[in-house]
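# Structural features, examined
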Amino acid sequence: MQPGAQSRFTDHGSPIIRTNSSNEFAPGASEWPDDISRREFLRLAGASLALAGFGACTKQPIETIVPYVKQPEEIVPGKPLRFASATTLNGYAQGLVVTSREGRPIKIEGNPDHPASLGATTIWAQADLLELYDPDRAQAVMRGENISTWNDFLREIDSTLQAQRSGGGAGIRILTEAITSPTLISQLQSIQQRFPNSKCIQWQPIAPEIAVAETVYDLTKARVIVALDSDFLFMGPAALRYARDFSRARRVRDPASAAMNRLYVAEPTPTITGSNADHRIAAAARDMLGIARQIATRIASRQRSSILKGETKYDSWIQAAAEDLLANRGASIAIAGQTQTPEVHELVAEINRQLGNEAVGARIAKLPSRPVNQLDDLRQLVQEMGQGKVELLIILGGNPVYNAPADIEFASALRNVKTSVHHTLHADETSRICHWVIPAAHFLETWSDVRAFDGAVSIVQPLIEPLYANISTHEIIAALVEQPVRSAYEIVREFWRERNQTAQFDIEWRRALSDGILQNPSWNTSSEGAEESVAATTTLSPASSEKPSQLEILFRADACVLDGRYANNSWLQELPRPFTKLTWENAALISPELAAREKIDNGEVVELIFRGRKLKAPVWIQPGQAENSITLHLGYGRTEVGRVGKDCGFNAYTLRTSEALWFGDGLTIQKTGQKHSFATTQHHHTMEGRDFLRTGTLAEFRADAKRVAHSQEGPARDETLYDPNEYQNRGYAWGMVVDLGACIGCSACTIACQAENNIPAVGKQQVALGREMHWIRVDTYRSGNIDNPQFNHQPVPCMHCERAPCELVCPVGATVHDDEGINVQVYNRCIGTRYCSNNCPYKVRRFNFLELNAGLSATEKLAKNPNVTVRSRGVMEKCTYCIQRIEAARIEAELENRSIRDGEVVPACAQVCPAEAIIFGNIHDPNSRVSKLKRLPTNYGMLAELNTRPRTTYLAKLRNPNPALVISEQRSVNGEQHERT
């Protein structure tokens, strides 16, 4: 390794380097200049005292926040408080409970009372904590390249608004992303009332599911689900709720009464939803319209035989799906994805109407439903900017210079605006061109409100004062209609006071803050008609009228950085993507058939040519990809980004046009002869050749439940060379069960573990060397035909073996068992021999090669969990079952003179899981949930034949295939070896 190679990930590449260890301060950072005089010192000190006194004379308004649980009379140092709040995904709310220690947020969890989260969180909500403490955030009001102030901005805006009054604000434009905040929508309406000729435009590069504001599906009632290019279990505002409901309908416990739903998926590139399908086909995105037409025609005719001329290679899948839908009228659902055309969505809606599926889909009148053509509005805005008609443009969030369609010249038009303002969390490509940059407040720093996918409203309450000179969205909009500007707290509270004018407002306000959701019917939360013109859903790109060519290009939001907004987040950059296991970059995904036909190998750089635009990209061969479809993930290739996100991947937006937002025909590829090296964890910690993954079908489970899991617990307990353990028959004995049938493979457990346990990111170079630090990994395996394989996911934490091979070889006793059977790691004993890692058959131990936690900025240190040791280099790390949470529950139980209750201890990985696939508890308690699961016939221990006696066990993966469907891929059967993707 080259000297200083790790600096980018330890001190963010800080140019300050200590040249003399005896000097307390870095060069240029001494307390006082060397030549300061006594007179100058007294002058500066006097000015400081005067300014301090002036500031103390200003009384700040009281803003009271309310904890989610009972609050002590006074804050007790070391005792965490939990507050309900909410974050957004594509504008829609997800309820949170945020843990705070001594006034700083340290962990984000899901709110169990919120309908959109049910106690779970997405990987992005977990990573929002790192966004809060990112030192690369916009920190000051900027006027061009110069630091300015909020008051200077207000003076200039006031002057501009005065000039716009006579024309009714004809030169004022406000560009936003998708918004559902009732308060913000009301503010935007006020602006349009005051300036009737002004316009509000929306641009969301990755839109929420079309019609998500109109229909909410109840997947618990659906026995059959057909998804057309829809990743509804992972992407979208309702993904957490859908994942929970879907997984509950996949659990089977009793062979006599076993029942499961059945999922059919057609998609061009593998997704989380597709990997959980009982029947999946790899079909091009352009084929979805034809597939939807055939299903709709079969259902309309109610015939079991094929009624269309010209059988296709998908016809058996189409026929089986249509017959299953017909056989489950009123208890089935068809779903079209956000990337598909309006024609596909109309056909899917007609399929549901024909089947009478009202029981699993309900119209929600609370949310706006009038579609807005964002592309037409964006084109008109760019045209007006280019013609010099826009005097004032305020961009609230987003990064349109980077993510607007390539054929819409947003950047060049923006330069013609007289006054442009960008309100943003991070300075980016759009900020570089705008005249004013206003640093946005993080949602944990300010007040707001937001709606969920089903219309439920949450109050966003802050947990910390703004770390920098941050301004909320409500305050910057208020600056256009009122002077002086009220605080976000006053704006939001007054908005809801007007809608609840009862004498109980203060009590109900506190209850809404405590619960995280407005649940009392006295609140008037209905949307007014005027709101629909502002907070509306998105129409999708029109269907291509061109004749399909050989290759189609697909644009997809990245599974980690989304549209690029999380490009500077090291947790998400280093999280392996679900199927490629790539980190820190994107790739052009092609099918094995296309790779063989074009003689392209993994890592080859090709030139993609699409409608006159060119882009070079490295290739990744992806099994399960549609043969003639090439997928590009958005969000990379940023030019104006923090130090973490620099030089990561290529910019797929340069090929994305308004006529092909999600897919299009006419792509050609040319080999360049160049090679690229990926940082992928695909072959790290492999265990091929061993019986580690158990899968089966529902029919096999009914016939012989025990055979599905190959239930063999290895040698008998007394057949061992180990000394008997004293803890086996007394006290607590902690264990875990991972339900593979429920796990969807979203990797939320990995990112939650990283946030909880202070696990550092190591960077692309170290990942390529196999040195990633994640304590729990999610392995993805494939079986069957490589062109359309079956995927299976398996989370792998430390097994906490009762007969742990790692303990025998440690020369200093750094890895030992405690008196409750947990395999603990004593950091101050470890000398870094790595013998334990070599002797671990599960490959779950991580060695800290570098000083990854050194040189952190002051704000980065705030993100560390004070309950978990921050490790230095040279020590072994691994999963500890979140022992800090066990100890916290133990202290609470001892204070109340009772035992720890079942379910009271929930590790971070189990708490975040949207599918409730991870269950933890005391295996000495026969009535605990984990004990009951371990007694099921599908329970098995990974590599139990080694006699390691793992405390972490698995429930075998079961699927529910249609016995009438003849499929081309080879199905997974008992005893088949699975290959890691």
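Residues numbered from 1 in each chain as written. Predicted model: local features only at pLDDT ≥ 70, side-chain atom pairs only at ≥ 80, totals over all residues. Heavy atoms only, no water.

## Observations concerning the pairing of strand S28 (residues 777–783)
- Counting buried positions over the seven residues of S28 gives seven, a clear majority of the element.
- Because side chains alternate across S28, one face comprises the buried residues Arg 777, Asp 779, Tyr 781 and Ser 783, and the other comprises Val 778, Thr 780 and Arg 782, equally buried.
- Pairing analysis gives seven bridges linking S28 to strand S29 (residues 790–796), with the strands arranged antiparallel. When the sheet's bridge partners are listed, Ser 783 is paired in S29 with Gln 790.
- Where S28 hands over to S29, the hairpin turn is made up of six residues, of which Gly 784 adopts a positive phi near 90°. (Buried < 20%, exposed > 50% of the residue type's maximum accessible area, 1.4 Å probe, protein only. Helix = DSSP H or I, 4+ residues; strand = E, 2+ residues; numbered from the N terminus. Pairing = 2+ DSSP bridges.)

## Digging into the sheet that holds strand S22 (residues 613–621)
- The strand order S24-S19-S23-S20-S22-S21-S25 describes an open sheet built from seven strands, whose pairing is mixed. Looking at the sheet topology across the chains shown, the edges are occupied by strand S24 (663–665) and strand S25 (667–675). The average undirected angle you get between the axes of adjacent strands in this sheet is 30°.
- Relative to S22, strand S20 (residues 588–590) runs parallel, the two sharing three bridges. Looking at the pairing, Ala 588 lines up with Val 619 of S22. (Axes fitted to C-alpha atoms, helices over the stretch in contact; angles between N-to-C directions.)

## Some remarks on the confidence of the model for the protein
- Mean pLDDT over the protein: 84, with 82% of residues reaching 70 or higher.
- Within the protein, the lowest mean pLDDT, 32, falls on helix H1 (residues 7–10), and the highest, 96, falls on strand S23 (residues 629–633).
- Considering only residues more than four positions removed or in separate chains, one finds that residues 304–310, a stretch of pLDDT under 50, has 13 contacts.
- Predicted confidence for residues 967–977 stays below pLDDT 50, and this span has 27 contacts to residues more than four positions away or in other chains. (pLDDT = per-residue confidence, 0-100. Contact = heavy atoms within 4.5 Å.)

## Side note on helix H16 (residues 488–499)
- Compared with the 16 Å implied by 1.5 Å per residue over 12 residues, the 17 Å span of H16 between its first and last C-alpha is a close match.
- Restricting attention to buried positions, one finds in H16 the residues Ala 488, Tyr 489, Ile 491, Val 492, Arg 493, Phe 495, Trp 496 and Arg 499.
- Elements in contact with the buried residues of H16: helix H5 (182–194), strand S17 (448–451), strand S18 (457–460), helix H15 (473–478) and helix H17 (505–515). (Expected span 1.5 Å × (residues − 1).)

## Here's the deal with the layout of surface pockets
- Roughly 1,500 Å³ of volume is contained in the largest pocket.
- The wall of the largest pocket is formed by 44 residues, among which Arg 82, Arg 885, Ala 888, Glu 904 and Gln 911 lie closest to the centre.
- For the lining of the largest pocket, the leading source of residues is helix H27 (residues 883–895), giving seven residues.
- Split into classes, the residues belonging to the lining of the largest pocket amount to 19 nonpolar, nine polar and 16 charged. (1 Å grid on protein atoms, 1.4 Å probe; cavity = no way out; pocket = protein on both sides within 12 Å on 5 of 7 lines; lining within 4 Å. Points joined across faces, edges and corners; volume = space filled by probe spheres on them. Nonpolar A, V, L, I, M, F, W, Y, C, P; charged D, E, K, R; others polar.)

## So, the pattern of salt bridges
- Within this structure, the stated rule accounts for 46 salt bridges.
- Residue Arg 250 pairs with Asp 278 through a salt bridge whose shortest N-O separation is 2.8 Å. Note that Arg 250 is positioned in the loop between helix H6 (239–248) and strand S10 (262–267) and Asp 278 in the loop between helix H7 (272–275) and strand S11 (279–282), a separation of 28 residues in sequence. Residues Arg 250 and Asp 278 agree in their burial class; the two are buried.
- Residue Arg 253 pairs with Asp 739 through a salt bridge whose shortest N-O separation is 3.2 Å. Here Asp 739 lies in strand S27 (residues 734–739) and Arg 253 lies in the loop between H6 and S10, a separation of 486 residues in the sequence.
- Here Asp 739 falls in the buried class, since its relative accessible area comes to 3%.
- Linked through salt bridges whose partners overlap, the residues forming this network are Lys 107, Glu 109, Glu 756 and Arg 885. (Salt bridge = Lys/Arg side-chain N within 4 Å of Asp/Glu carboxyl O.)

## Concerning the environment of Pro 866
- In this structure, Pro 866 sits in the loop between helix H26 (858–862) and strand S33 (876–877).
- Among the residues examined, Pro 866 registers a relative accessible area of 37% and is labelled partly exposed.
- Along the sequence, Pro 866 and Ile 106 sit 760 residues apart, while their C-alpha atoms lie 8.3 Å from each other.
- Residues in contact with Pro 866, not counting those within four places in the same chain, are Arg 101, Arg 104 and Ile 106.

## Quick word on the nonpolar core
- Residues Met 385, Phe 410 and Leu 632 are the most contacted members of the largest nonpolar core, which totals 184 residues.
- If you tally residues by element for this core, the top one is helix H3 (residues 123–132), at seven residues.
- In this structure Met 385 touches Val 390, Leu 393, Phe 410, Ala 413, Leu 414, Asn 416 and Val 417, once residues within four positions along its chain are discounted.
- Formed by 29 residues, the second largest nonpolar core is a distinct cluster that contains Leu 228, Ala 266, Met 288 and Ala 336. (Core = buried A, V, L, I, M, F, W, Y, C linked by side-chain atoms within 4.5 Å.)

## A closer look at the sheet that holds S11
- Spatial ordering of the open sheet is given by S11-S10-S9-S12, a layout of four strands whose pairing is parallel. The sheet terminates laterally at S11 and strand S12 (332–336), the two strands that pair on one side only. Taken pair by pair, the neighbouring strands of this sheet meet at an average axis angle of 10°, ignoring direction.
- Looking at chain direction, strand S9 (residues 224–228) and S12 are connected through five bridges and run parallel. Within the sheet, the bridge partner assigned to Ala 227 lies in S12 and is Ile 335.
- Across the sheet, helix H8 (residues 288–301) lies against S9, S10 and S11, angled at about 150° from S9, the strand it touches most.
- Docked against the sheet, helix H10 (residues 342–355) engages S9 and S12, running at close to 175° with respect to S12.

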